[in-house]
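Report on the structure
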Amino acid sequence: MTQEEVFKNVVSHCKEYGFIFPSSEIYDGLAAVYDYGQLGAELKNNLRQFWWKGMTQLHENIVGIDSAIFMHPTVWKASGHVDAFNDPLIDNKDSKKRYRADVLIEEHAEKLRQKIEKEVEKAAKRFGDAFDQAQFVSTNPRVVGYQTEIDTMMQRFVAAMEAGNLEDVRQVILDAEIVCPVSGTRNWTEVRQFNLMFSTEMGSVSADASKIYLRPETAQGIFVNFLNVQKSGRMKIPFGIAQIGKAFRNEIIARQFIFRMREFEQMEMQFFCAPGTEMEWYQYWKAWRLRWHQALGLPAENYRYHDHEKLAHYANAACDIEFKFPFGFKELEGIHSRTDFDLKAHETYAKKKLQYFDTEKNLSYVPYVVETSIGLDRLFLAVLSHAYQEEKLEDGSERVVLRIPAMLAPVKAAILPLVKKDGLPELARSIMNDLKFDFACQYDEKDSIGKRYRRQDALGTPFCITIDHESLNDHCVTVRHRDSMTQERVAIAALSGMLKEKTDMAVALRALGTKVD
Ligand code: ATP
């Protein structure tokens, strides 16, 4: 099965089992907007919690806030979003499809990079142990050709964007002979800038109503509260403010399911530090955030860094943590050293001082900021698409299983009486009533036990607890493990301890710690 087919199956699985539904589906949906169903909401909550606890509970100097979605319109003037939160868009005249010019160019560069990788793989096979990769990539004419093509194209693109010359951006697309993936033609329109913010009006009388925006990022809610939190919490620099909340962007192309949505949720942290120390903290957060991802329980090879060459005007260092989605390595989280740009801009526009008084140095300054910013929905997609597996079993049958790490699974244990009689449901209910205070459990007595196991596999439930006739005598139950499908007998009295050990988030948090080596 191709990755594309697997991805299609993931999307339909999400709907079939109550993880994610298209928004307003009975009205044929709303592009790039999705609703989380009964299991999706649980998984999302668990991810949210793992982030929140990792950032705030593990770091004594980080606190969390919850600011409003609506903000004073000048916030977005100061942040640069009104003037510069644009994407360059281009249409193909034949397919009538709309694209982001930068994405077309980046994808073309990625194709060339893949060609280089193929050449390297071929050569590595041919030369065996004697293969010198560094020498090969610097001398092989085909590889050098591809690399030069990438470098020239990217340099021209960056220069054109920096100069705001959209005609040149279009020329880069034409010169690279990039075709529309749908029509296959190079019949492109002009490139235009498109602002991604949604706006609405506040106030009931239209003459007095003022235009306000749905926030395109949660970060600004942190910046404008910087002094409130610092003073009320008596925070000493360095310290961080974390926030989880909705953000809205009128994305030009909304593809790939919940990877790019128009309404989504961000988990952001702004770390305020003394000027001159920001690089140290940037390196700390770059390393720590990757460790956090790896503590989720997905294999390390699914992550990589992508350091930015082209920096936003306010940043002095930036990188992404990319994840291997079914459609390739893509940005999951951004880590940015934002200097003092945002606080200074708010000082200017609000005409208020946003400075920190350092009692040790006896001086005031505008702190520098390192930001970590991750999309909760993208994280959800990373976990779910990696967890989804279609397996052929030894007996020839097939199963779909979600190998969601146990601490994140929406349902931790299914309580299953083997039959609906002989006192088994009563015992099962009493076990359920005992466990449900600490663990999300599901009680199920319908259908054969085999069918119930399959159903729980498809939901990602790590443990199935089966109550049989023996249980009435030996006070033990059969615990079936989702991943290995092995079964063991466990005393009813030991169930709670076992579930805690295997599903408690605190175990992963403890292993994670706060130090970076
Ligand atoms: P991209 O280049 O993919 O558009 P970005 O660089 O604009 O992303 P940031 O502004 O750095 O993204 O936002 C931080 C994080 O928020 C991203 O790493 C991503 O996980 C998430 N995010 C951004 N835009 C969206 C979206 N439209 N839908 C879902 N998540 C998003």
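Refer to the structure presented above.
Summary of the structure given here. Predicted model only: the values in this text are computed from it and were never measured. (Residues numbered from 1 in each chain as written. Predicted model: local features only at pLDDT ≥ 70, side-chain atom pairs only at ≥ 80, totals over all residues. Heavy atoms only, no water.)

Let us now look at the overall build of the protein chain. For the protein chain, the count of helices and strands is 18 helices and 23 strands. Computed over C-alpha atoms, the radius of gyration of the protein chain comes to 26 Å, within 12% of the 24 Å expected from 2.2 N^0.38 for 517 residues, which places it in the range of a compact globule. By its C-alpha atoms, the protein chain is 80 × 65 × 60 Å across when sized along the principal axes. Taken across its 517 residues, the protein chain has 49% of its residues classed as buried. Relative to all contacts within the protein chain whose residues are 6 or more apart in sequence, the contacts with residues 24 or more apart total 66%. For the protein chain, the centre of its 67 positive side-chain charges and the centre of its 74 negative side-chain charges are spaced 2 Å apart. (Helix = DSSP H or I, 4+ residues; strand = E, 2+ residues; numbered from the N terminus. Rg over C-alpha atoms; globule rule 2.2 N^0.38 Å. Buried < 20%, exposed > 50% of the residue type's maximum accessible area, 1.4 Å probe, protein only. Contact = heavy atoms within 4.5 Å. Lys, Arg positive; Asp, Glu negative; His and termini not counted. Charge placed at Lys NZ, Arg CZ, Asp CG, Glu CD.)

It is worth spelling out the site of the ligand at this point. Around the ligand sit 17 residues in total, of which Glu-251, Arg-260, Met-261, Glu-331 and Leu-332 are the nearest. With respect to the ligand, the side chain of Glu-251 contributes an N or O atom lying 2.8 Å from a nitrogen atom. Take Gln-266: an N or O atom from its side chain is 3.4 Å from an oxygen atom of the ligand. Notes on the ligand: free accessible area 600 Å², of which the protein chains cover 84%. (Near = heavy atom within 4 Å. Polar contact = N/O pair within 3.5 Å; in protein donor to acceptor, adjacent residues only side chain to side chain. Areas by Shrake-Rupley, 256 points an atom, 1.4 Å probe, with all protein chains shown as cover.)

Turning our eyes to something else, we now look at the layout of surface pockets. One number sums up the size of the second largest pocket: a volume of about 280 Å³. Taken together, 14 residues line the second largest pocket, and the ones lying closest to its centre are Lys-412, Asp-438, Phe-439, Ala-440 and Thr-503. Here the lining of the second largest pocket takes three residues from helix H2 (residues 38-57), the largest share from any one element. (1 Å grid on protein atoms, 1.4 Å probe; cavity = no way out; pocket = protein on both sides within 12 Å on 5 of 7 lines; lining within 4 Å. Points joined across faces, edges and corners; volume = space filled by probe spheres on them.)

With that out of the way, let us pick up the sheet that holds strand E6 (residues 192-195). Taken together, the three strands give an open sheet; going across it, the order is E5-E4-E6, and neighbouring strands pair in antiparallel fashion. The open sheet is flanked by strand E5 (98-100) and E6, the only strands paired with a single partner. Between one strand axis and the next, the sheet turns by 45° as a mean value, whatever way the strands run. Against the sheet, helix H5 (residues 101-127) contacts strand E4 (86-91) and E5, and its axis sits at roughly 70° relative to E5. (Pairing = 2+ DSSP bridges. Axes fitted to C-alpha atoms, helices over the stretch in contact; angles between N-to-C directions.)

Turning next to H2. When the terminal C-alpha atoms of H2 are compared, their 27 Å separation across 20 residues agrees well with the 28 Å that a helix rising 1.5 Å per residue should span. Those residues of H2 not exposed but buried are Leu-39, Gly-40, Leu-43, Lys-44, Asn-46, Leu-47, Phe-50, Trp-51, Gly-54, Met-55 and Thr-56. (Expected span 1.5 Å × (residues − 1).)

Of note, Glu-117 is situated in helix H5. Glu-117 sits in the partly exposed class, given a relative accessible area of 47%. C-alpha of Glu-117 to C-alpha of Val-137: the two residues are 20 residues apart in sequence and 9.6 Å apart in space.

Below, the discussion takes up the sheet that holds strand E20 (residues 441-443). The five strands are arranged E20-E19-E21-E22-E23 in an open sheet whose pairing can be described as mixed. If you trace the sheet from one side to the other, it starts and ends with E20 and strand E23 (487-491), each paired once. On average, adjacent strands in this sheet sit at an angle of 25° to one another, irrespective of strand direction.

What follows is about the packing of aromatic side chains. Tallying each qualifying case throughout the model produces 24 aromatic pairs. Taking 4.7 Å as the distance between ring centres and 50° as the angle between the ring planes, the aromatic pair formed by Phe-271 and Trp-281 counts as tilted. Of this pair, Phe-271 sits in strand E10 (residues 263-273) while Trp-281 sits in helix H11 (residues 278-295), and the two are 10 residues apart along the sequence. The exposure class of Phe-271 is buried, given its relative accessible area of 1%. Here the aromatic rings of Trp-281 and Tyr-284 are separated by 5.5 Å at their centres, their planes lie at 75°, and the arrangement is edge-to-face. Of the two residues, Trp-281 and Tyr-284 are both situated in helix H11; the distance of three residues between them amounts to about one turn of the helix. Joined through ring pairs, the aromatic side chains of Phe-7, Tyr-34, Phe-257, Phe-259, Tyr-303, Phe-323, Phe-325 and Phe-327 make up one cluster. The side chain of Arg-378 reaches across the aromatic face of Phe-259, ending 3.8 Å from its centre. Lying over the aromatic face of Tyr-443, Arg-429 brings its terminal NZ or CZ to 3.7 Å of the ring centre. (Phe/Tyr/Trp six-rings, centres within 6.5 Å; stacked < 30°, edge-to-face > 60°. Lys NZ or Arg CZ within 6 Å of the ring centre and 35° of its normal.)

A separate point is the packing of helix H7 (residues 141-162) against helix H8 (residues 166-175). Contact geometry of H7 with H8 gives a least axis separation of 8 Å together with a crossing angle of 160°. Accordingly, the angle class assigned to the pair H7 and H8 is roughly antiparallel. Read as a crossing pair, H7 and H8 show a hand that is left-handed. For the pair H7 and H8, contact is made by Met-153, Arg-156, Phe-157, Ala-160 and Met-161 and by Asp-168, Val-169, Gln-171, Val-172 and Asp-175, respectively. Class assignment of the residues belonging to the contact of H7 with H8 gives a composition of six nonpolar, one polar and three charged. (Parallel < 35°, antiparallel > 145°, perpendicular 65-115°, else oblique. Left-handed = near helix turned anticlockwise from the far one by under 90°. Nonpolar A, V, L, I, M, F, W, Y, C, P; charged D, E, K, R; others polar.)

Function-wise, these values are silent; they only describe arrangement.
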